Amino acid sequence: MAKRVLLRSAVTAVVSLSLSLGPASWVALADAETFSETTIPATMRATPGYGSVVSVGPSGFLHSATTTSGPSGLEWTGVDGSTRKLEGTQPHDPVEYYGAASDVVALPPSGGTGEVLLRNMVTDETTTVTVPAGQVYSRAIGTTVVTQGGAGADGKWTEFHLLSNENGTTADRRVTGLPEGASIIINGRAGVHGFLSLLKVPGEDVGQYAWIDLHTAEATFLPYGTVYGNSVVTAVHLVTPQAGGVRIYEQGRFDTPVREIQVSLKDAKVLGVVGDSLIVARYDSSLGQKEYEASIWKVVAVPFDGSGERTLLARAVADRVAVRPDGGVQLVGGQSAEDYGYQDITAGADGVPYAARVLLIPPVPMRLQRLTLDHGTVRTLEYGDGATFAYDRLLTETAPGYGERVRIGSLSAPYNKCSVGNGLCPELYPTGDGRTVYRGAASVDGGWQPKLFVVGKGETFPGTPIETGLQDSFDDSPDQMRIVGASENLVLVDGTPAGGSRELRVVDIDSGKVVHTEPYQRGAIWGTTLWSSARAARSRPRMRAPGPR
């Protein structure tokens, strides 16, 4: 039965155009009243997104809450699996802000000065350490609170203090060994026995690294070559990259390395020294672009004996790593969406490191941004794992009714991460013959310029740009090209040419030529017919149906 069409504006022009393709191959349904329903389940993201390591002790670990709706404070999870929430806490830099390598969690004062509550998460016993006026809280390592003091007129800190609770009172040990006039530039990571700091020393042109020892309360300046900006503090070692490999020093003994290893660190970073291996994260471009806290690193163990690397985690976040008191490390990663979570890398009795998930981060689905159905193929834009990709699924007559989900490329910037939180994705327009057109972005003179793109059947995104001759930009200019509709090789666009007035154009995406223009009015394209309309006083809607396609 023919469908009635109600037009709310008067049809004043009908333009017939030629298809450059042969007759369209449409399959008619034998029985219009017979239909079936196919449900395609959502695909889970490999990285749920919200997970941040904080500190690890012998009996549990502190981490961001494992919710799917965003960060919501910190939680302590014991080795027995029990979890308790710490109110008023959020992930913070440095990683050791709330503590390191201990079951004790430090809850610092909001202003940096005042009482620090030290809570043993196993026994629930608490003690307090008071940060005096003139000092400011920096971090906690075990039951020791590290502060900075001695601020000069320029606001630069010149002292380190190690505070602890001794018989109910606060003991204050000022770190010795800092030259007069030296000031703190930045503090590095901490291990079980101390932490690294970069200081400005009078008379030196470059910053000088010093090791702050918790036991002796002394600062030891490290000779150039022992430590660089990319050196890594592990639980009990200091690892310094060298040409072709690394040197491993024991914390507090920096005269001679305990081991030197040949290893490539191109697009890689050292995470720790565990058992008989160096733990390294290697960037994997197939997992996404390099971004802070992105799960784009493959974690491997590099044995000291020179044998081959072993993959421990298929993907992980390598920017936040917590040290374990037993020398291991903890980070967020996994082998798949079902296995993703907080992972401990520790050594077995034989010294061989292995990864074990200690807490699952619940899987969450990819965010569906755009969807089209054309020639039996469902085409989607989906956001997840820090990027937006295009996928095809072929519908089938046999169960379950759809084929394998196949990635068919991605969009160029600024749409490479398009989603609700990163700017909306461009609309996709199916042409009816298996192709897709959209308004994307092309690289022009070092910047991004919007263009009409076509993705052919069997081709991948971003596709091929097509020139429309219309002005366009990503700013708030009113002169922007808009796609109105598509029909096989014909695409109807709306915009303004340079020096002209707003108009409708029909572009043949096979030849790349503009085959029709007319002053702007509401329009639509169907088959080889362009429908355009204008509001006329006392006129009644009229429609001339297009012929068979």
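To start, this report covers the structure provided alongside it. (Residues numbered from 1 in each chain as written. Predicted model: local features only at pLDDT ≥ 70, side-chain atom pairs only at ≥ 80, totals over all residues. Heavy atoms only, no water.)

Turning our attention to the overall build of the chain. In terms of regular secondary structure, the chain is built from zero helices and 41 strands. In the chain, which comprises 549 residues, the share counted as buried stands at 47%. Once local pairs closer than 6 in sequence are excluded, the contacts in the chain between residues at least 24 apart make up 43%. Summed over all atoms, the accessible surface of the chain reaches about 27000 Å², with 51% contributed by carbon and sulfur. (Helix = DSSP H or I, 4+ residues; strand = E, 2+ residues; numbered from the N terminus. Buried < 20%, exposed > 50% of the residue type's maximum accessible area, 1.4 Å probe, protein only. Contact = heavy atoms within 4.5 Å. Areas by Shrake-Rupley, 256 points an atom, 1.4 Å probe, with all protein chains shown as cover.)

In spatial order, the strands read β13-β14-β15-β16; together these four strands make up an open sheet with antiparallel pairing. With one partner strand each, in any of the chains shown, β13 (183–190) and β16 (218–221) form the two edges of the open sheet. On average, adjacent strands in this sheet sit at an angle of 30 degrees to one another, irrespective of strand direction. Here strand β15 (residues 208–213) runs beside β16; their pairing, made up of four bridges, is antiparallel. Pairing of A210 across the sheet is with F221, part of β16. (Pairing = 2+ DSSP bridges. Axes fitted to C-alpha atoms, helices over the stretch in contact; angles between N-to-C directions.)

Here the focus is the nonpolar core. L62, Y98, V105, V116, L118, Y137 and V145 are the most contacted members of the largest nonpolar core, which totals 19 residues. Secondary-structure elements contributing two or more residues to this core are β4 (74–78), β6 (104–107), β7 (114–120), β8 (126–131) and β9 (135–141). With three residues, β6 is the single largest residue contributor to this core. When near neighbours in sequence (up to four residues on either side) are disregarded, V145 contacts V116, L118, V129, Y137, R139, A140, H161, L162 and L163. (Core = buried A, V, L, I, M, F, W, Y, C linked by side-chain atoms within 4.5 Å.)

What follows is about the sheet that holds strand β35 (residues 464–466). Picture the strands of a sheet paired through backbone hydrogen bonds; they go either parallel or antiparallel. Strand order across the open sheet formed by four strands is β32-β33-β34-β35, with antiparallel pairing between neighbours. Each edge of the open sheet is held by one strand with a lone partner, namely β32 (429–430) and β35. Where strand β34 (residues 447–455) lies against β35, three bridges are found, and the strand directions are antiparallel. Across the sheet, residue F453 finds its bridge partner in β35, namely P465.

To continue, consider the state of the cysteines. Evaluated as defined, the whole model comprises one disulfide. The side chain of C418 participates in a disulfide bridge whose partner is C425; the two sulfur atoms lie 2.1 Å from each other. Taking the torsion about the sulfur-sulfur bond, which here is approximately 90 degrees, the covalent link between C418 and C425 counts as right-handed. Each member of the pair, C418 as well as C425, carries the same accessibility label: buried. (Disulfide = S-S within 2.5 Å.)

Attention now moves to the pattern of salt bridges. In this structure the tally under the stated criterion is 25 salt bridges. R84 serves as the salt-bridge partner of D124, at 3.0 Å between the closest nitrogen and oxygen. Remark: R84 occurs in strand β5 (residues 83–86) and D124 occurs in the loop between β7 and β8; sequence separation between them is 40 residues. Note that R357 and D339 form a salt bridge whose closest N and O atoms lie 3.5 Å from each other. On the criterion of sequence distance, the pair formed by R357 in strand β27 (residues 353–360) and D339 in the loop between β25 (329–334) and β26 (341–347) is long-range, its members being 18 residues apart. Take R357: its relative accessible area is 39%, and that puts it in the partly exposed class. Judged by relative accessible area, D339 falls into the partly exposed class, the value being 21%. Sharing partners across several salt bridges, the network here consists of R84, R119 and D124. (Salt bridge = Lys/Arg side-chain N within 4 Å of Asp/Glu carboxyl O.)

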